[in-house]
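For reference, the chains in residue letters:
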Amino acid sequence: MRWQERRIQVHNRCGVHGRVAARLAELAREDDVSLQIVCASDTVDCASILEVLSMALVCGTEVTVRAQGGRAEAVLDAVQELLSRQDDP
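So, here's what we can say about the structure. Every value quoted in this text rests on a predicted model; they were computed, and no experiment measured them.

Rules used throughout
Residues numbered from 1 in each chain as written. Predicted model: local features only at pLDDT ≥ 70, side-chain atom pairs only at ≥ 80, totals over all residues. Heavy atoms only, no water. Helix = DSSP H or I, 4+ residues; strand = E, 2+ residues; numbered from the N terminus. Rg over C-alpha atoms; globule rule 2.2 N^0.38 Å. Buried < 20%, exposed > 50% of the residue type's maximum accessible area, 1.4 Å probe, protein only. Contact = heavy atoms within 4.5 Å. Areas by Shrake-Rupley, 256 points an atom, 1.4 Å probe, with all protein chains shown as cover. Lys, Arg positive; Asp, Glu negative; His and termini not counted. Charge placed at Lys NZ, Arg CZ, Asp CG, Glu CD. Patch = residues over 30% accessible without salt bridge, like charges linked within 9 Å, V, L, I, M, F, W, Y side chains within 5 Å. Salt bridge = Lys/Arg side-chain N within 4 Å of Asp/Glu carboxyl O. Pairing = 2+ DSSP bridges. Axes fitted to C-alpha atoms, helices over the stretch in contact; angles between N-to-C directions.

Attention shifts here to the overall build of the protein chain. When you go through the protein chain residue by residue, the secondary structure sums to 3 helices and 4 strands. Taken against the 2.2 N^0.38 rule, which gives 12 Å for 89 residues, the C-alpha radius of gyration of the protein chain at 11 Å falls within 12% of a compact globule. Oriented by its inertia axes, the alpha-carbon framework of the protein chain measures out at about 35 × 25 × 20 Å. Considering the protein chain as a whole, with its 89 residues, one finds that 42% of them fall into the buried category. Pairs at least 24 apart in sequence give 75% of the contacts found in the protein chain among residues at least 6 apart. Split by element, the accessible area of the protein chain, about 5,000 Å² in all, is 45% carbon and sulfur. Once the 10 positive and 14 negative side-chain charges of the protein chain are each reduced to a mean point, those two points are 2 Å apart.

Right, let's get into a nonpolar patch on the surface. Together, Ile49, Leu50 and Leu53 make up a nonpolar patch on the protein surface, roughly 270 Å² of accessible area in all. If you trace the backbone, Leu53 turns up in helix H2 (residues 49-54).

On to the sheet that holds strand S2 (residues 34-39), then. Read across the sheet, 4 strands follow the order S1-S4-S2-S3 without closing on themselves; strand pairing throughout is antiparallel. Both outer strands of the open sheet, strand S1 (4-9) and strand S3 (42-45), are each paired with one neighbouring strand and no more. Neighbour-to-neighbour, the strand axes of the sheet open up by a mean angle of 25 degrees, direction not taken into account. In terms of strand pairing, S1 meets strand S4 (residues 62-68) through 6 bridges, oriented antiparallel. From the neighbouring strand, Glu5 faces S4, where its bridge partner is Arg66.

What follows is the structure, given as structure tokens:
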């Protein structure tokens, strides 16, 4: 199965914090997809909240989000909505 990718800019003024990282892990788990964030040369698995937080993604950062699995497109839509919000989820 191929990876599907999407470029997304973080719009939340607090960046990717604990609640956002937890929701990313939840999305991957609920829909049984592999979900990754790529920023510069770093790639992290969204199943690990600590790995996502270690990226220290701030407002304005552009990332590539990869998803693989049966509902990959739907998960990418949900991730785009989550990271594009200007307020907390």
